[in-house]
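Reading the structure
Residues per chain are reported as follows:
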Amino acid sequence: MKRVLVFGGTTEGKKTLELLERLGIEAYVSVATQYGAQTLDQKPRCCEIITGRLDASQMADFLSRNRILLVIDATHPYAVEVTANIKTACAAAGNDAAYLRLARGQGERLSDALYFPGMEEAAQYLCGKEGNVLLTTGSKDLACFTVIDDFKSRVYARILPAAQSADIALAAGYLGEHLIFGQGPFSERQNVDILKQCGARYLVTKDTGAEGGLPPKASAARRLGVRLLIVERPKETGGVTLEELAVYLQKERGRLCGDL
């Protein structure tokens, strides 16, 4: 009997599933893409994968039909629209579906990095600058950086090895030889090698924290004298840590397992 729904596909999502497995709590896990499902090939036995993007109405319908008691939002900190849809769906489902946001720890602000409130601002900063650029912001935001002078010859993008990611990059005008496919987080050594391969003078990343591999990116850039540009996270309030989630699940285990 599954009474828990996890929205994941992130490092936090995988840790949540491991926690549920240890407690013997069965759950559904929702991921947006087939690639996201493939990253869970070694998933705990306790979970069933639901693949495909859901809007708020579809989420609410799933919660009601499956009598979900707990929704754990372990989506990426930049997936603002998805989190909004999840909250809307929980509200539509009434008091039966409790909502918990698993928050990613805020990393220390780096004194040698440049911070920007959004992708557009980072892209504008790079306009008029000389040298190659490595983007590690994901495929969804690649179009923002096409404003950079001679972007086809100067900008490289590291994206997930998924057909959808490649299609987005190619549609935005990026050349195939400027696309680097890989699943992070990457080590400092791997980041150094890729920066050298691109001849990059600038590295653009989101503020992904340790879970998303920001420290190795920063140390690699520092080592090579590459300028690090960080796009700040959307403001987020509330949320629980993994430790707090574990305490909650321990307390509610009987109810979530259908024992009570």
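Check the entry above for the structure.
This is a predicted model, so every value here is computed, not measured.

Regarding the overall build of the chain
When its secondary structure is counted, the chain shows 10 helices and 11 strands. A globule of 260 residues ought to have a C-alpha radius of gyration of about 18 Å, and the chain, at 20 Å, matches this closely. Seen through its principal axes, the chain has C-alpha atoms that stretch 65 × 35 × 30 Å. A buried classification covers 49% of the 260 residues belonging to the chain. Put simply, of all contacts in the chain between residues at least 6 apart along the chain, 65% involve residues at least 24 apart. As displayed, the chain offers around 12,800 Å² of accessible surface, 49% of which is attributable to carbon and sulfur atoms. Positive and negative side-chain charges of the chain, numbering 32 and 31 respectively, have mean locations separated by a distance of 2 Å.

A look at the side chain of Asp-141
Here Asp-141 lies in the loop between strand 7 (132-135) and helix 6 (151-154). You can call Asp-141 buried: its relative accessible area is 11%. Apart from residues no more than four positions distant in its own chain, Asp-141 is found in contact with Met-119 and Lys-206.

Topic: the pattern of salt bridges
Summed over the entire model, instances satisfying the criterion amount to 10 salt bridges. Asp-73 is paired through a salt bridge with Arg-101; the nearest N and O atoms lie 3.0 Å apart. Of this pair, Asp-73 sits in strand 4 (residues 70-73) while Arg-101 sits in strand 5 (residues 98-101), and the two are 28 residues apart along the sequence. Residue classification places Asp-73 among the buried positions, given a relative accessible area of 0%. Taking the shortest distance from any N to any O, the salt bridge between Asp-141 and Lys-140 comes out at 4.0 Å. Lys-140 gets classed as exposed once you look at its relative accessible area, which sits at 67%. Salt bridges linked by common partners bring Lys-140, Asp-141 and Lys-206 together as one network.

Notes on the sheet that holds strand 11 (residues 227-231)
Read across the open sheet, the 6 strands follow the order 6-11-10-7-8-9; overall the sheet is parallel. At either margin of the open sheet sits one strand with a lone partner, and together these are strand 6 (113-116) and strand 9 (179-181). Between one strand axis and the next, the sheet turns through 20° on average, direction left out of account. Sheet analysis places strand 7 next to strand 8 (residues 155-159), joined by 3 bridges and oriented parallel. Residue pairing across strands places Val-133 opposite Val-155, the latter belonging to strand 8. Contacts between helix 9 (residues 214-224) and the sheet are confined to strand 8, strand 10 (200-206) and strand 11, with strand 10 contributing the most and set at about 165° to the helix.

Digging into the nonpolar core
Counting residues in hydrophobic clusters, the biggest one holds 24 residues, and the most contacted among them are Val-4, Val-6, Leu-20, Ile-25, Leu-245 and Leu-249. Secondary-structure elements contributing two or more residues to this core are strand 1 (4-7), helix 1 (11-23), strand 2 (27-31), strand 4 and helix 10 (242-256). Ranked by residues supplied to this core, first place goes to helix 1 with 4 residues. The next biggest cluster of nonpolar side chains, apart from the first, holds 21 residues, and it includes Phe-116, Ala-123, Leu-142 and Ile-159.

The rules behind these values
Residues numbered from 1 in each chain as written. Predicted model: local features only at pLDDT ≥ 70, side-chain atom pairs only at ≥ 80, totals over all residues. Heavy atoms only, no water. Helix = DSSP H or I, 4+ residues; strand = E, 2+ residues; numbered from the N terminus. Rg over C-alpha atoms; globule rule 2.2 N^0.38 Å. Buried < 20%, exposed > 50% of the residue type's maximum accessible area, 1.4 Å probe, protein only. Contact = heavy atoms within 4.5 Å. Areas by Shrake-Rupley, 256 points an atom, 1.4 Å probe, with all protein chains shown as cover. Lys, Arg positive; Asp, Glu negative; His and termini not counted. Charge placed at Lys NZ, Arg CZ, Asp CG, Glu CD. Salt bridge = Lys/Arg side-chain N within 4 Å of Asp/Glu carboxyl O. Pairing = 2+ DSSP bridges. Axes fitted to C-alpha atoms, helices over the stretch in contact; angles between N-to-C directions. Core = buried A, V, L, I, M, F, W, Y, C linked by side-chain atoms within 4.5 Å.

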